[in-house]
Each structure stands twice: as structure tokens, then as C-alpha cells.
Amino acid sequence: MIKRSYYGLLSTITLSAFGDAFGLLAMEWLVYELTGSKLAMGALALSSGIPELLLRLLGSPLSDRLHRVRFMACLAAIRLLAIALPLGMGLAGQLQLWHLFVAAGLSGSCAALFMPTAMAVIPGVADSRKLVRAFAIIDGSKSAAALLGPALAGALTAASGALPALGINMICYAAAITTLLCLQKLPKPSPAPGRFSITVYVREIAEGFTFYKQFPAMLTIMIMASISNLSSIAVWTMMVPFVREVLHRDAATMGTLSTVFALGTLVGLSVISMIGEIKKRRLVMLSSLGTIGLVTTLWGLFPSFSFALAAVFATGTLGPFFGSLSSSLHGRLVPSHLQGRVNSIRFLIGGGLQPFGAFAGGAIAQHYGVPVLFVIAGLLPMLCASAALLLPGLKALDGDLSTLEATHRRPVVEVPSQGVVAEP
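Residues numbered from 1 in each chain as written. Predicted model: local features only at pLDDT ≥ 70, side-chain atom pairs only at ≥ 80, totals over all residues. Heavy atoms only, no water.

Chemist: Just give me the short version of the overall build of the protein, but keep the residues and values in it.
Modeler: When helices and strands are counted, the protein shows 18 helices and two strands. Per-residue burial over the protein gives 54% buried out of 424 residues. The contacts of the protein with a sequence gap of at least 6 include a subset with a gap of at least 24, amounting to 87%. (Helix = DSSP H or I, 4+ residues; strand = E, 2+ residues; numbered from the N terminus. Buried < 20%, exposed > 50% of the residue type's maximum accessible area, 1.4 Å probe, protein only. Contact = heavy atoms within 4.5 Å.)

Put into C-alpha cells, the structure is as follows:
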């Protein structure tokens, strides 16, 4: 049953990711067609990112309090309705910019809790000795969806406009909801004792941060992820202007670049799956971020289509050497009853700077051009990863993790009527 549940969850995540690939390209293309403004594209990312950050913080205990499968189904249903707004208005010939912003805001709010909830389920349905491989397969499936999705979405948008791509997005969400409701019974989170209260809820939010207080090396890793994601979102938010103004190509080229990126990610995930357990995690993770920064900087210096293909493939290949290792570390070190809220806080820290990176990227590109933005976006993670290599505390991530667990993990006790808290 556990194996069947894992593959059911895998199908749900893949369908959702495939729909996201269509919806994201379509909404970005529609914003650019309506306004022609790079700042408007940055504002679209901001309208999605700000609600996402707030929900990750305020909603972090929900993944551990609620029935996780039903919760994910409700979130997917809201996202489906959000996409229906611009699609319906577009078909009626009444599409306005605010329709896209509302859809992005609702979708971002639900995405804030959908993936952390899914990540919280994985350790309960996968072999604990094969968590790196289990998370790599999940990441690989998302990348496979991203491999096909953008190329198909780009071709469809180039041939028929962006609205049919939104329709595909809705169909994928509907299929994901159906798959969720057909899943085998998954492990439920331990119910919090006592009645619900604001005090208990706030304490449960704080427990997600407590993990990073106990594991400072993991906090450093997530700060590095935040910096890298800031740079990455600045680059990808400006990909439509890059394709239109620098390369002078259409939506099909946008899809091609996204597909090549996903192909690179699949290659990286395949390598990680074959390697299995990696002992020198610190060096591997920081080196991948630094190299991604170097490639992005060179991309800005040589803004041609051929170099863009090489750059997106390289960055896609290197990304999993950070992401999958980070996921497996969280899967192993976080107690099962805290998985939902810690993963929410993890995504909050890792993606906390993304909305501002998207908007700042739009402002830089508007005033200095997209290639200059790429150079700046590459230098930032490259310099930060080089500095982080000098931090001695990160050496705790290498070798046998049981040492890290024994040194930092504190016992957890149940306090009647006050939830589950870490013992002081």
C-alpha cells in the first residue's frame, strides 16, 4: 500500500507541475501582450509571491493539523477556479490585467501549502533508507512535466494564443484532484491534543522555526537557497523580454528554453539517483550554486540563442545537486509530526526573496537591459557560495548524519491542551 501511495502522490505532483508549466507561460505572455512592460511582469510575480510568503508563514501548521490528501485536493480546486477567471474573461473578450493578478495571487497562495504538504507525506510513504532517491524521483517527475509542458505550451501559444494553454492548465488540475481522491489511505498527522486556540496555533508556527534553531547548518543552507532563488527568479521572470527583445523570437523559443532547462534537470537527477548517498554534501551543494552563478554571468555576457541553450541546460543539470540533497536532509532530520510546518518554513525561507527578486529584476532590466540583469544575477550566488565554503559550521552536513541528530535534536514532549512543543 505504501508503494502504491507513493506513486499515486508522484502522479498528483506530476500532473500539477505539467499544468503549472502551461499556466505560467500563458499568464506571462498575456501580461507582456497587454502591457509590453517589464515592470508589469515583475509585478505579476510579486502578486503571486507576496500571498505565497504570507500563507507559508501563517498556514504552516495546517499541513500537520488537517487530513493531508483532502487538504491538497482543496488547494488544487482553488487553483483550478483561479485559472478559470482569466480564461473565462479572455474567451469573452474582456480580459484585463487585474484578472491575471488575481489568478496569480490565488494560485500562489495555494501553491504555498500544496508542495510543503506533499513533501510532508513523502517520508511516510517512502523507504527511509532511500529518501535521496525518493525525493530525486519526485523532482525528476516534476522536471519531466516541465520538460514537455513548456515546449508544448510555447508551440500552442505561438499557434493559437495563450488562452488554450490556460485551458490545458485547468484540465491538469482537475486530473490531479481526481488522482488525489483515488489515492490509498495515507498516514495522517498526529492530532494536536486539546482544543484549538490562537496561542497554540502561534506556538505551532514557531515550532517550524525551532528546527532551524536546533540545526543552524540547515538554516545557512536555506539562506543560500534564498539568495540563489532570488537570482533565478529575476532571470526567469525576464525570459519573455529576453526572447522577444534580445533574441527576437516567439513563444516557441520560450518553450524550448524551458524544456532544455528541464532536460538538464532530469540529467542531474539521474546522476544523483545513480550515485545514491553523497557524503560531502557541503562541497557538492555550494559548488552547484556557485557554478550556476558563473554560468548565468557568462550568459549575460554572451546573450545569444546558442549560449542560452547551453546555459539553461547547465543550470538545470546543476540545480538538483542542491535541491534534492536539501530535501533528503529535511526528510531525515525533521520529526514526522513536524514535517508539514517545517517544510512550509523551509519554502518560506528559501523563497522569501523571490517576489522582490522578480520585481527588482524587472526594474534593472527596464533601465539597463536584460543582459546586465543576468550578469548581476549570476554574481550574487557565486560570491555568496564562495563565502559560505569558509563557514566551519557547514561541515556538520558531511558524513554520518546520526552525529548531527544526536548533537542537536531535542526531545519532544506533549503538553496537555497546548499542542506539541520542543522541550526547553
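There's more to say after this.
Chemist: Pulling in residues and values, what's your account of a nonpolar patch on the surface?
Modeler: A cluster of nonpolar side chains, contributed by Ile50, Leu54, Leu55, Leu58, Leu353 and Phe356, occupies part of the molecular surface with about 500 Å² of accessible area. The element contributing the most residues to the nonpolar patch is helix 2 (residues 38–58), with four residues. Position of Leu58 relative to the elements: it lies in helix 2. (Patch = residues over 30% accessible without salt bridge, like charges linked within 9 Å, V, L, I, M, F, W, Y side chains within 5 Å. Areas by Shrake-Rupley, 256 points an atom, 1.4 Å probe, with all protein chains shown as cover. Salt bridge = Lys/Arg side-chain N within 4 Å of Asp/Glu carboxyl O.)

Chemist: Can you lay out the confidence of the model for the protein for me, pointing to particular residues and giving the numbers?
Modeler: Across the protein, pLDDT averages 80, with 85% of residues at or above 70. Contacts from residues 408–424, a stretch scored under 50 in pLDDT, to residues over four places away or in other chains number 40 contacts. (pLDDT = per-residue confidence, 0-100.)

Chemist: Please give an account of the packing of aromatic side chains that cites residues and values.
Modeler: Applying the stated criterion to the full structure yields eight aromatic pairs. Taken together, a centroid distance of 5.3 Å and an interplanar angle of 65° make the contact between Trp236 and Phe261 edge-to-face. Of this pair, Trp236 sits in helix 9 (residues 216–237) while Phe261 is found in helix 11 (residues 251–275), placing the two residues 25 residues apart along the sequence. Judged by its relative accessible area of 28%, Phe261 is partly exposed. Through a chain of ring-to-ring contacts, three or more aromatic side chains come together here, namely Phe211, Tyr212 and Phe215. (Phe/Tyr/Trp six-rings, centres within 6.5 Å; stacked < 30°, edge-to-face > 60°.)

Chemist: So what about helix 8 (residues 198–214)? Which residues, and what values?
Modeler: Between its first and last C-alpha atoms helix 8 spans 24 Å; for 17 residues at 1.5 Å apiece the expected length is 24 Å, and the two agree. The largest bend in helix 8 is about 30°, located at Gly208. Taken together, the buried positions of helix 8 are Val200, Tyr201, Glu204, Ile205, Glu207, Gly208, Phe211, Tyr212 and Gln214. (Expected span 1.5 Å × (residues − 1). Bend = angle between axes of the 7 residues up to and from the residue.)

Chemist: Any chance you could break down the side chain of Arg346 for me, citing the residues and the numbers?
Modeler: With respect to the element layout, Arg346 can be found in helix 15 (residues 339–351). Excluding residues that lie within four positions of it along the chain, Arg346 makes contacts with Met119, Tyr212, Met222, Gly323, Ser326, Ser327 and His330.

Chemist: Talk me through the packing of helix 12 (residues 281–301) against helix 13 (residues 305–318); I want residue IDs and the actual numbers.
Modeler: In helix packing, the relevant descriptors are the interaxial angle and the interaxial distance, both defined with respect to the helix axes. Running from amino to carboxyl end, helix 12 crosses helix 13 at an angle of 170°, the nearest separation of the two axes being 9 Å. Comparing their axes, helix 13 and helix 12 come out roughly antiparallel. Listed contacts from helix 13 to Ser288, Thr291, Ile292, Val295, Thr296, Leu298 and Trp299 of helix 12 are Phe307, Ala308, Ala311, Val312, Ala314, Thr315 and Leu318. Here the residues of the contact of helix 12 with helix 13 are counted per class, giving 10 nonpolar, four polar and no charged. (Axes fitted to C-alpha atoms, helices over the stretch in contact; angles between N-to-C directions. Parallel < 35°, antiparallel > 145°, perpendicular 65-115°, else oblique. Nonpolar A, V, L, I, M, F, W, Y, C, P; charged D, E, K, R; others polar.)

Chemist: Break down the packing of helix 14 (residues 320–333) against helix 15 for me, citing the residues and quoting the values.
Modeler: For the pair helix 14 and helix 15, interaxial distance at closest approach is 11 Å and the crossing angle is 150°. Seen from above, helix 14 lies across helix 15 with right-handed handedness. Across the interface between the two elements, Gly323, Ser326, Ser327, His330 and Gly331 of helix 14 pack against Gln339, Val342 and Arg346 of helix 15. Tallied by class, the residues present in the contact of helix 14 with helix 15 amount to one nonpolar, six polar and one charged. (Left-handed = near helix turned anticlockwise from the far one by under 90°.)

Chemist: Before we move on, could you go through the environment of Gly88 and cite the residues and values that matter?
Modeler: By secondary structure assignment, the location of Gly88 is in helix 4 (residues 68–91). For Gly88, a relative accessible area of 35% puts it in the partly exposed group. As a C-alpha pair, Gly88 and His99 span 11 residues in sequence and 10.0 Å in three-dimensional space.

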